[in-house]
Number of protein chains: 2
Amino acid sequence: MINIAVDAMGGDYAPGEIIKGAVQAAGMRDDIRIILVGQEETVREELKKYTFRDGQITVQNAAEVIATEEPPVNAIRKKKDSSLVVGMNMVKKGEADAIVSAGSSGAILVGGQVIVGRIRGVERPPLAPLIPTEKGVSLLIDCGANVDARPSHLVQFARMGSIYMEHVVGIKNPRVAIVNIGAEEEKGNALVKETFPLLKECPGINFIGSIEAREIPHGGADVIVCEAFVGNVILKLYEGVGATLLSMVKGGLMTSLRSKIGALLVKPALKETLKSFDASKYGGAPLLGLNGLVVKTHGNSKATEVCNSIIQCVTFKEQGINEKIRESLGREKSEEGKE
Amino acid sequence: MINIAVDAMGGDYAPGEIIKGAVQAAGMRDDIRIILVGQEETVREELKKYTFRDGQITVQNAAEVIATEEPPVNAIRKKKDSSLVVGMNMVKKGEADAIVSAGSSGAILVGGQVIVGRIRGVERPPLAPLIPTEKGVSLLIDCGANVDARPSHLVQFARMGSIYMEHVVGIKNPRVAIVNIGAEEEKGNALVKETFPLLKECPGINFIGSIEAREIPHGGADVIVCEAFVGNVILKLYEGVGATLLSMVKGGLMTSLRSKIGALLVKPALKETLKSFDASKYGGAPLLGLNGLVVKTHGNSKATEVCNSIIQCVTFKEQGINEKIRESLGREKSEEGKE
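Just so you know, the residues in each chain are numbered from 1, in the order the chain's sequence is written. The order in which chains are written sets their letters, starting at A; the order in which ligands are written sets their numbers, starting at 1. This being a predicted model, a pLDDT of at least 70 is required before a residue's local features are given, and a value of 80 or more before pairs of side-chain atoms are given or counted; all residues contribute to the totals for chains, interfaces and linings. Working from all heavy atoms in the structure, the side-chain values ignore hydrogens and water.

### Thoughts on helix H5 (residues 105–116) of chain A
Residues and elements named next belong to chain A.
Consideration 1: Every helix listed is a DSSP run of H or I at least four residues long, and every strand listed is a run of E at least two residues long, numbered separately from the N terminus. Expected helix span is given by 1.5 Å per residue-to-residue step, counting one fewer step than there are residues. Relative to the 16 Å expected for twelve residues at 1.5 Å per residue, H5 spans 15 Å between its end C-alpha atoms, a close match to the ideal helical length.
Consideration 2: Only protein chains enter the accessibility calculation, which uses a 1.4 Å probe. A residue is then buried if its area is under 20% of the maximum for its type, exposed if over 50%, and partly exposed in between. Inspection of H5 places Ala107, Ile108, Leu109, Val110, Gly111, Gly112, Ile115 and Val116 among the buried residues, and these make up the whole buried set.
Consideration 3: What makes two residues a contact is simply this: any of their non-hydrogen atoms within 4.5 Å. Those residues of H5 hidden inside the fold are in contact with helix H3 (72–78), helix H4 (83–92), strand E4 (98–101), strand E10 (285–287) and strand E11 (293–296).

Following this line, the structure appears as structure tokens:
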């Protein structure tokens, strides 16, 4: 049985869509138990709308809610009875294997480190969302947790990202690349130049060199390594350019009668195409390298993304990702003779 | 009379498209003289295809060509008789007001600094392309010249970018923003945190704060300030996501008979829409802060972009951009009591 805590109060569509997604996930697997963490009365009221197997969904009361705009460190420290802090403490105590939250990104990152805690040997836990590409999906690691990272952090990101892509997403021997401003080895800023040779020598990963941002949407690598500032820019620009282009295309189709008729005809095919460029079907972004699993889903997550994030936790647990990370980073330490 | 040197040998479609673009520009303005720099015989042969006003286009022989893959510093130092070096020397000596090249980016950046030279007071000359947005166009500064920049460089980028947007692109009191991973002032990496208060206090610019990458395609600011590594990622991802999405949309439209018929109907409207998301109509990217003007156009530039880049040089010169930069950065120095 895998136990998954779900922050019922976090996100733009909480608690409605969060609970709906949790019920969907419960319906898909017999071997999971979902603990909805939040204001008990509200959550129970919402749960009444659905039917589910007895005992498969339980409610854990938490009186407080962390708002998106609250300073994260303060929120985690002071709101001991918030849904996020209560849920994370359940992961810490082993009462839950994972927690899924669509709440404040900052609070999730801080709480993951402070409450759930890092795996021994992990220097900085990265946030690693899957992003859609022409060929499928790539892992962007780190995209928001550790600005001004050091080379050794990036090497760990490459290792953890490889394990995740191979065992959760199912890509054999995933290609690892570092984001750079040119394909040649001598290109880059100080961080990339220092990291590049370390990645080249790093055992157990399939390092293919630099990747220019242009190649990311084409699926040029499976694990895209970068420090968090750059990763965040990539993630958000991905969304921004996509949204802008599509809204312009839609607007363009409405300019004449001819194009309006054409739009009706192309709509189903277009919808199908764009669905394949939508990452929400893969669920949320895991915060890797913690003693447990923390998954951050988009603030505007609807039921499907919440459901997929829960299923993602199951694969993560079944595949023993944290054991593999412990083993890989432990091995690294031994090789360096530090342990 | 404004004299513009054009590197006839640089770029994927040189010399054909370059020369075609130069002839187009010459046809549009009486007050410019274009000097085509390159292998004289080849250039003259190509020029025979066109008619133009006597003396408006001349040829300056340069026997060598710098290839894209050559190490830039070496190329600039050793190939004294290359089209790029000869053209840049003309700018240096005042025989030309500007040079346009679609050749090696690295060589253009190095040559700009080493041969043409910086305006006194300019610490690092940034490369500043215009990028398309939903609302028009924004200036991305710096996008490739100075990785690992310091806060003082970014402040100069903001000043120079504002002058350019106001007087070349014609946007009154342009909104300046710094690329960041959140909208709040306390967010960011070390560079952004240090730069933010300096921009807030910087006179003569309309600083509106941080901009998240997501807001760039929506036209959230007119001058987008960032260090070169981040700027390069933004520029290339812009191109990459756009190209991928459009090829997916095109592919999607070919999946059924119904959508194929629809595609025929929407094609003209779609083409019109996407044209407005194409930055090539604005010309190339200026390298700002030099004693003269160096404009880098895309390696795959066709005649239209070359022509627009030449016209851009005219506006730059007419508006006295370099004089304004000198005045602005000189004033900064006096204010700091350093002069």
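### Overview of the packing of aromatic side chains
Residue and element names in this part refer to chain B.
Consideration 1: Here a Phe, Tyr or Trp ring, Trp counted by its six-membered ring, pairs with any other such ring whose centre lies within 6.5 Å, and the pair is stacked when the planes are under 30 degrees apart, edge-to-face when over 60, and tilted otherwise. Inspection of the entire model under this criterion finds four aromatic pairs over all chains.
Consideration 2: Ring geometry for Tyr164 against Phe316: centres 6.1 Å apart, planes inclined by 50°, an arrangement best described as tilted. You can see Tyr164 sitting in helix H6 (residues 151–169) and its partner Phe316 sitting in helix H10 (residues 303–318), a full 152 residues away along the chain.
Consideration 3: The buried category is assigned to Tyr164, whose relative accessible area is 1%.
Consideration 4: On the basis of an interplanar angle of 75° and a centroid distance of 5.2 Å, the ring pair of Phe196 and Phe207 is categorised as edge-to-face. Here the residue Phe196 occupies a position in helix H7 (residues 190–201), and Phe207 occupies one in strand E8 (residues 206–212), the gap between them amounting to eleven residues.

### Topic: the sheet that holds strand E9 (residues 223–225) of chain A
All names here are of chain A.
Consideration 1: Spatial ordering of the open sheet is given by E5-E6-E9-E7-E8, a layout of five strands whose pairing is mixed. Strand pairing shows two members of the sheet lacking a second neighbour, strand E5 (130–133) and strand E8 (206–212), which therefore form its edges. When strand polarity is set aside, the average angle formed by the axes of neighbouring strands in this sheet is 30°.
Consideration 2: For helices, the fitted line uses only the C-alpha atoms of the stretch in contact; every axis is such a line through C-alpha atoms, and the angle between N-to-C directions lies from 0 to 180 degrees. Each of strand E7 (175–180) and E8 touches helix H7 (residues 190–201); the most contacted strand, E7, lies at about 170° to it.
Consideration 3: Sitting on the sheet, helix H8 (residues 228–253) touches E5, strand E6 (136–141) and E7, and the angle it makes with E5 is about 50°. Strands pair, by our definition, only if DSSP identifies at least two bridges between them.

### Considerations on unusual backbone geometry
Consideration 1: A cis amide bond links A:Ala14 to the next residue, A:Pro15, at an omega of -5°.
Consideration 2: Here A:Pro15 shows up in the loop between strand E1 (2–7) and helix H1 (16–28).
Consideration 3: The linkage connecting A:Ile141 with the following residue, A:Asp142, adopts the cis geometry, with an omega of 10°.
Consideration 4: Of note, B:Asp148 is a non-glycine position whose phi angle comes to about 55°, a positive value.
Consideration 5: Counting through the fold element by element, B:Asp148 comes out in the loop between strand E6 (137–141) and H6.

### Notes on the interface of chain A and chain B
Interfaces are often sized by the amount of accessible area the parts lose when they come together.
Consideration 1: Listed as interface residues are 51 residues of chain A and, on the opposing side, 51 residues of chain B.
Consideration 2: Buried area adds together the accessible area that both of two parts lose upon being put together, with accessible area traced by a 1.4 Å probe. Between chain A and chain B lies a buried interface of about 4,800 Å² when both sides are counted; carbon and sulfur atoms form 76% of it.
Consideration 3: When a carboxyl oxygen of Asp or Glu is within 4 Å of a side-chain nitrogen of Lys or Arg, the pair counts as a salt bridge. The tally of links between chain A and chain B comes to four salt bridges.
Consideration 4: Ionic pairing is found between B:Arg214 and A:Glu239, a salt bridge with its closest N-O pair at 3.2 Å.
Consideration 5: Nitrogen and oxygen atoms within 3.5 Å of one another constitute a polar contact, given that in protein one can donate a hydrogen and the other can accept it, and given that sequence-neighbouring residues count only through two side-chain atoms. Counting across the interface, chain A meets chain B through 16 residue pairs in polar contact (both at pLDDT 80 or more).
Consideration 6: The element best represented in the side of chain A that touches chain B is H8(A), accounting for 19 residues.

### A short note on the packing of H8(A) against helix H9 (residues 257–275) of chain B
Consideration 1: For the pair H8(A) and H9(B), the least separation of the axes is 8 Å and the interaxial angle reads 135°. Taken as axis vectors, H8(A) and H9(B) run oblique relative to one another. Remark: the crossing between H8(A) and H9(B) carries right-handed chirality. Touching A:Leu245, A:Met248, A:Val249, A:Gly252 and A:Leu253 of H8(A) are B:Val266, B:Ala269, B:Leu270, B:Thr273 and B:Leu274, all from H9(B).
Consideration 2: Note that Gly is not counted as nonpolar here; it falls among the polar residues with everything else outside the nonpolar set of Ala, Val, Leu, Ile, Met, Phe, Trp, Tyr, Cys and Pro and the charged set of Asp, Glu, Lys and Arg. Of the residues that constitute the contact of H8(A) with H9(B), the class distribution is eight nonpolar, two polar and no charged. Oblique is the label for every angle not falling under 35 degrees (roughly parallel), over 145 degrees (roughly antiparallel), or within 65 to 115 degrees (roughly perpendicular). The sense of a crossing depends on the near helix, which, turned anticlockwise from the far helix by less than a right angle, makes the crossing left-handed and, turned clockwise, makes it right-handed.

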